[in-house]
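Read off the chains here:
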Amino acid sequence: MPTTMELVATLLFAIAIIHTFSVPIFARLANRGGPHSGLWNMLSEVEAVFGVWAFVLICFIALFIGIEPAVEYMNTRNFTEPAFVFAIMVVAASRPILELVTTLVKFLARALPIRREYSMYFIIMSVVPLLGSFITEPAAMTLAALLLRDAYFQHSGRAGFKYLTIGVLFVNISIGGVLTSYAAPPVLMVAATFEWDTLYMLQNFGWRAAIAVFINATLLTLVVRSALREDADSTPPTTRRERPPVPPVVMLIHVAFLVGIVLSAHHPVMFLGMLMMFVGYAHAYSKHQNPLLIREGLMVGFFLAGLVILGGLQKWWLQSLLGGLPPFVLFWGSTALTAITDNAALTYLGSLVEGTSEVWRYMLVAGSVTGGGLTVIANAPNPAGFSILKGTFPDGAISPLRLLLSAAVPTLIAAGLFLLPV
């Protein structure tokens, strides 16, 4: 039988999910103004949802169960992932890294025999998500979202185009990180337990994911080509004075910081120390910088920390549910459950089930990464994309329901690839 704390946590978890889907309503209330517009604005911040309800849970435990159990529960939570996403997001969003990736994207786009606005868009939606297998998914999400915001979203008023784009982006980021054993959170949580190395991931997951990423990006580019062409033709040439390019040595130093944080992803003291050094270096050479995404990174970290707190008490129903499913049903079950939980938490709980077969393990992880683009809570990098792109959407909010619908087709394409026989 579940404890009182577990039942209350599950109730608050369900409320948080409903709150997530209600964000556009609060955004519209905030935009109307009035004496409570500040409250509605806070409730419309999707990055704050799980942190707010996690705070409610800790207050409940402290008031009705005891302060010591509340402190003990918080001390047993692992907040490495929220801290890492914050650190990697700040570094990856820096101007030198963004300029370096933009140069790479333009170079690859020039090699394609199609119009530049098509080729740039296609590379952002395909190559950048696959890059997440090496620089981690949160970094790839940050870079792709910034490139899309600056090159396409700020100049387009087409909400449909934007929703189709983020639907494919979130799915491609989720599956694009499985070429290695360390970059995708749901893979990282089970790689040691299942004894999966990068070679295993390439042979069993990587080629399927890469094909699905390119299919999704190709189909999307074909569907939105008229919007891309019209936006390119109607966008007036910029009259803004161009800043001097970032010196290569500064780019190299930023890449070194990025690589160092990626390599120390399991050690918060190390990567947070490097982040502090990075902030100091960026301040010293501010002429080569854009404003660092400190606030956005903190909000994303707050979201993920709330998910860690609330999700930690869902084991009582989630683990028993996963353990009783046959492999094929498990694939679709984990795809669906990922949308309302977190794929890293899902695979971790699944790894605790004893006596599982290799096929069962494959279906668990494949389903969790397949469903990683369906909602903002499905995959750890998704809140970073939300935070960067939401300001370009109507009312400054992204509708979770429209995201779910936009991600449905690319999710099914990914599912088809992962269900192919070996």
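Residues numbered from 1 in each chain as written. Predicted model: local features only at pLDDT ≥ 70, side-chain atom pairs only at ≥ 80, totals over all residues. Heavy atoms only, no water.

Asker: What's the story with the overall build of the protein in this structure? I'm lost.
Answerer: Helix and strand counts for the protein stand at 23 helices and zero strands. Rg of the C-alpha trace for the protein: 21 Å, near the compact-globule value of 22 Å for 422 residues, within the 12% margin. Seen through its principal axes, the protein has C-alpha atoms that stretch 65 × 60 × 40 Å. Classification of the 422 residues of the protein by burial places 56% in the buried group. Sequence-distant contacts in the protein: of pairs separated by 6 or more residues, those separated by 24 or more amount to 81%. Accessible surface, the protein as shown: approximately 18,200 Å² in total, 69% of it carbon and sulfur. Mean positive and mean negative side-chain charge positions of the protein (23 and 21 charges, respectively) differ by 12 Å. (Helix = DSSP H or I, 4+ residues; strand = E, 2+ residues; numbered from the N terminus. Rg over C-alpha atoms; globule rule 2.2 N^0.38 Å. Buried < 20%, exposed > 50% of the residue type's maximum accessible area, 1.4 Å probe, protein only. Contact = heavy atoms within 4.5 Å. Areas by Shrake-Rupley, 256 points an atom, 1.4 Å probe, with all protein chains shown as cover. Lys, Arg positive; Asp, Glu negative; His and termini not counted. Charge placed at Lys NZ, Arg CZ, Asp CG, Glu CD.)

Asker: Looking at this structure, how should I read helix α6 (residues 80-92)?
Answerer: Within an α-helix, residues lying three or four positions from one another point in the same direction, as the helix has 3.6 residues per turn. The terminal C-alpha atoms of α6 lie 18 Å apart, and with 13 residues this matches the ideal 18 Å at 1.5 Å per residue to within 8%. With respect to burial, α6 is a largely interior element, 11 of its 13 residues being buried. Within the sequence span of α6, burial applies to T80, P82, F84, V85, F86, A87, I88, M89, V90, V91 and A92. (Expected span 1.5 Å × (residues − 1).)

Asker: Honestly, the pattern of salt bridges in this entry has me stumped. Any pointers?
Answerer: A side chain with one charge can pair with a side chain of the opposite charge if their charged atoms come near. Applying the stated criterion across every chain, the model contains six salt bridges. Note that E45 and K390 form a salt bridge whose closest N and O atoms lie 2.2 Å from each other. Remark: K390 occurs in the loop between α22 (382-389) and α23 (400-418) and E45 occurs in the loop between α3 (37-43) and α4 (49-65); sequence separation between them is 345 residues. Across the salt bridge formed by E99 and R95, the nearest N and O atoms sit 2.9 Å from each other. Here the residue E99 and the residue R95 both occupy positions in helix α7 (residues 95-110), the gap between them amounting to four residues, near one helical turn. With a relative accessible area of 23%, E99 lands in the partly exposed category. Through salt bridges with shared partners, a single network forms among E45, E47, R295 and K390. (Salt bridge = Lys/Arg side-chain N within 4 Å of Asp/Glu carboxyl O.)

Asker: Quick question: what am I supposed to make of the packing of helix α10 (residues 159-176) against α22 here?
Answerer: Each pair of packed helices gets described by two things: the angle between the helix axes and the distance between those axes. At their nearest, the axes of α10 and α22 sit 10 Å apart, and the two run at 155° to each other. On the basis of the axis angle, α10 is roughly antiparallel to α22. With respect to the hand of their crossing, α10 and α22 are arranged in right-handed fashion. For the pair α10 and α22, contact is made by I166, L169 and F170 and by N382, G385, F386 and L389, respectively. A class-by-class count of the residues in the contact of α10 with α22 yields five nonpolar, two polar and no charged. (Axes fitted to C-alpha atoms, helices over the stretch in contact; angles between N-to-C directions. Parallel < 35°, antiparallel > 145°, perpendicular 65-115°, else oblique. Left-handed = near helix turned anticlockwise from the far one by under 90°. Nonpolar A, V, L, I, M, F, W, Y, C, P; charged D, E, K, R; others polar.)

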